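# Examining the three-dimensional arrangement
As a plain string of letters, each chain reads:
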Amino acid sequence: MILTVALTLVIALMLMFCVLALMDQYRTLELVRERLGIKDQPSPVDRPATVPSLESLGLSHLLPRGAAKLVLFLTTNCGSCHSIAAELSKVAWGPLVVVVGSSNHGDFESWCTKVGLPPEMVHFDEDGMVSHAFLVSVSPSVFLLHDDQVVLAQTVPSFRHLRPLLDGSGIKSAISTLTASGSGDS
Amino acid sequence: MTVVLGIVQVCAALILVTAGIGKLAVPRDFGATVRDLGAPVRLVTLTLPLLEIVAGTLIVADPTSVVTAVLSGGLVCAFAWAGGTALVRRRLMVCSCFGGLSRGALGWRQVALLPAWSVALTAMHAIGPGIRGVQGVLWLTLAIVVTCTVLAVRHRDMALEAHRAIEELAG
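Summary of the structure given here. Everything numeric here is computed off the predicted structure, so don't read it as measured data. (Residues numbered from 1 in each chain as written. Chains lettered and ligands numbered in written order. Predicted model: local features only at pLDDT ≥ 70, side-chain atom pairs only at ≥ 80, totals over all residues. Heavy atoms only, no water.)

## Quick look at the overall build of chain B
Let me state the cut-off plainly: Only DSSP runs of H or I reaching four residues or more are called helices, and only runs of E reaching two or more are called strands; each is numbered from the N terminus. For each residue, the accessible area found with a 1.4 Å probe, counting protein chains only, is set against the maximum for its type, and the residue is called buried under 20%, exposed over 50%, and partly exposed in between. Whether two residues are in contact is decided by their heavy atoms, any of which lying within 4.5 Å being enough. In these tables, accessible area is a Shrake-Rupley quantity obtained with a 1.4 Å probe, and a residue counts as shielded only by the protein chains included in the view.
In terms of helices and strands, chain B carries seven helices and zero strands. Counted from the first residue to the last, chain B has its helices and strands arranged as α-α-α-α-α-α-α. Residue burial in chain B is summarised as follows: out of 171 residues, 47% are buried. Counting contacts in chain B only where the partners sit at least 6 residues apart, residues at least 24 apart contribute 75% of the total. Total accessible area on chain B is roughly 8,700 Å²; 72% of this is exposed by carbon and sulfur atoms.

## Regarding the interface of chain A and chain B
Rules: Accessible area, probed at 1.4 Å, shrinks when two parts are joined; the buried area is that loss added up over both. Just to be clear on terms, a salt bridge is a Lys or Arg side-chain nitrogen sitting within 4 Å of an Asp or Glu carboxyl oxygen. Residues adjacent in sequence count toward polar contacts only when both atoms are side-chain atoms; beyond that, a polar contact is any pair of N or O atoms within 3.5 Å, and within protein one must be able to donate a hydrogen and the other to accept it.
Counting residues at the interface gives 28 residues for chain A and 34 residues for chain B. Counting the surface chain A buries against chain B, the share from its top three residues, Leu9(A), Met16(A) and Leu20(A), is 21%. For the pair chain A and chain B, the interface holds one salt bridge. Asp24(A) serves as the salt-bridge partner of Arg28(B), at 3.0 Å between the closest nitrogen and oxygen. Inspection of the region where chain A meets chain B yields one residue pair in polar contact (both at pLDDT 80 or more). Breaking the side of chain A that touches chain B down by element, the ones donating at least two residues are helix H1 (2-36), helix H2 (79-88) and helix H5 (159-166) of chain A. A per-element tally of the side of chain A that touches chain B places H1(A) first, with 19 residues.

## Observations regarding the side chain of Asp125(A)
Residue and element names in this part refer to chain A. So the rule is basically this: Lys and Arg are tallied as positive, Asp and Glu as negative. Neither His nor the chain termini are counted.
With respect to the helices and strands, the residue Asp125 is situated in the loop between strand E3 (123-124) and helix H4 (129-133). One buried charge, Asp125, has no salt-bridge partner; the nearest side chain with opposite charge is Lys69, at 18 Å. A distance of 3.2 Å separates a polar side-chain atom of Asp125 from the backbone nitrogen of Val130. When sequence neighbours within four positions are dropped, the list of residues in contact with Asp125 reads Val99, Val100, Gly101, Val130 and Ser131.

This is the structure we're talking about:
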């Protein structure tokens, strides 16, 4: 009995050793990326002065309820878009509308199958009309609209940066920042 | 009261064990702290974490023994000395108390441990321990597993990000 308990404790200690060592490995990797200048951070992108209504852009069937809407632009030929879409297939989207750019419908459908997104839940921007309306120059990028006004426009280097927007905390912070700067201007 | 003392014992043991394992798993930062304090680096970086693990285990396995009191009391005195040294020298020294887990500074916190630990030790001897023996070791094991799970869940994003970064770097 005592031997079994002692062995269990030793295994638990080894488990803790592995977890802590692994966490340090992740930190080291972050440090390497920071030193090499490849640490990903969202960067702002050009935001259009006015955006046509999402209904007029053919997104009416995908529009979420509420005043705040997120429009995420992905393309089928970018690696980050692939990993973000794969993560999206596992979580609730909240106020998100996904727009995917691709050269043809066949590529779009096979990409959706690969990443696990149902094609009917995303918008295939075949003619680039939606991307053009938002002046999208880089993918993946996300635009936050509040009362048809673009509140936030930024790149999305990885799904980690999209998560706060999906759970609402990033949306609140972006809107409150805009409100504060707006009242400051006035 | 026994339940409260049992919880205090498990918490104290978990802190000591986590500190010991943390220093063994990531010895880099702790070595720098020992060097700053002017203590023998090789000796301290190996023996202190092991003593912390042994003391943590003894706190739940044999809490009222003289060995436990001397060992844990000695460790707390050593921590207080380190904190006091940093305060006297007025130098910012990284604690590395939990290896890579903490980046706090050495100072008052380590000094304040001394009276807090003395009170806990006296209470344990006066009232009697909450847990001991096999039961204590099992509770400590459970606490370690829960801590590992919490740490793994809290750092899940970091793990996913690291995985993605490696894939990107590999092209």
